[in-house]
Amino acid sequence: MELKITPTELLEYHFCPRFIYFMNVLKIPQNEDRRYKVQKGKEIHEKRQQQNKEYLWKKIGAVERKSNVYLVSEKYPIRGIVDEVVTLKDGSLAPVDYKFAIYPEFIYKSHKTQLLCYCLLVEDVFDTKVNQGYIFYIREGNRQVMIPYDEISKKKIVEDVHNVLEVINNERMPKPTSVKNRCMDCTYKNICIK
């Protein structure tokens, strides 16, 4: 069976490439259930699914939505569960990803990459046009950001997936992140060789 990378793994790869090595090569679990933000995010996702089931995101022009959509690409080695897939007024589809975070001054590369991976999945699985995706920052209300999706972003996602597979297939520990502040909240900080 072909190995399928998830958008979350791409997010983790951008946080620090060593996550992929520890999780997928050494098979050391993250134990992220001990992290507050991860738990709070899961609670909010579950709450959103129970509440407002008929609510459509009118601000983004949604006419229909599906929650917790499991997608597996036949064309690319990726799979994942997108928080929502919305149908827009023009008939195109767009993924929506919720983040339990404060609306940032700039969009983190990892958030954007994860969402663009969902765009690629939606486009491939539904065989339809995807022009954008949305990130909803829900820690302080609902602030959404539209991320455009095009052939350039698609190419970058395919390249990122290839890089993750390379770490796994070569079984070599990559260099750590250059952003040392990330190490403070890392579940692998006690075993990572700096």
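Everything numeric here is computed off the predicted structure, so don't read it as measured data.

How each quantity is defined
Residues numbered from 1 in each chain as written. Predicted model: local features only at pLDDT ≥ 70, side-chain atom pairs only at ≥ 80, totals over all residues. Heavy atoms only, no water. Pairing = 2+ DSSP bridges. Helix = DSSP H or I, 4+ residues; strand = E, 2+ residues; numbered from the N terminus. Axes fitted to C-alpha atoms, helices over the stretch in contact; angles between N-to-C directions. Core = buried A, V, L, I, M, F, W, Y, C linked by side-chain atoms within 4.5 Å. Buried < 20%, exposed > 50% of the residue type's maximum accessible area, 1.4 Å probe, protein only. Contact = heavy atoms within 4.5 Å.

### Here's the deal with the sheet that holds strand β1 (residues 62-72)
Part 1: Within the open sheet, the five strands sit side by side as β1-β2-β3-β4-β5. Their pairing is mixed. Strand pairing shows two members of the sheet lacking a second neighbour, β1 and β5 (143-148), which therefore form its edges. Between one strand and the next, the sheet's axes are offset by a mean angle of 30 degrees, whatever the strand orientation.
Part 2: Bridge count for strand β4 (residues 132-137) against β5 is six bridges, and the pairing is antiparallel. Looking at β5, one finds that Tyr-134 is bridged to Met-146.

### Points about the nonpolar core
Part 1: Of all hydrophobic cores here, the largest spans 41 residues; its most connected members are Ile-5, Leu-10, Ile-20, Ile-78, Ile-157, Val-161 and Val-164.
Part 2: For this core, the secondary structure elements donating two or more residues are α1 (7-15), α2 (18-25), β1, β2 (79-88), α4 (109-126), β4, β5 and α5 (151-170).
Part 3: If one sorts the elements of this core by residue count, α4 sits on top with eight residues.
Part 4: If sequence neighbours within four positions are ignored, Ile-20 has contacts with Glu-9, Tyr-13, Val-25, Val-164, Val-167 and Ile-168.
Part 5: Counting residues in hydrophobic clusters, the runner-up holds 11 residues, among them Trp-57, Ala-62, Leu-88 and Ile-138.

Coordinates in, geometry out; function isn't part of it.
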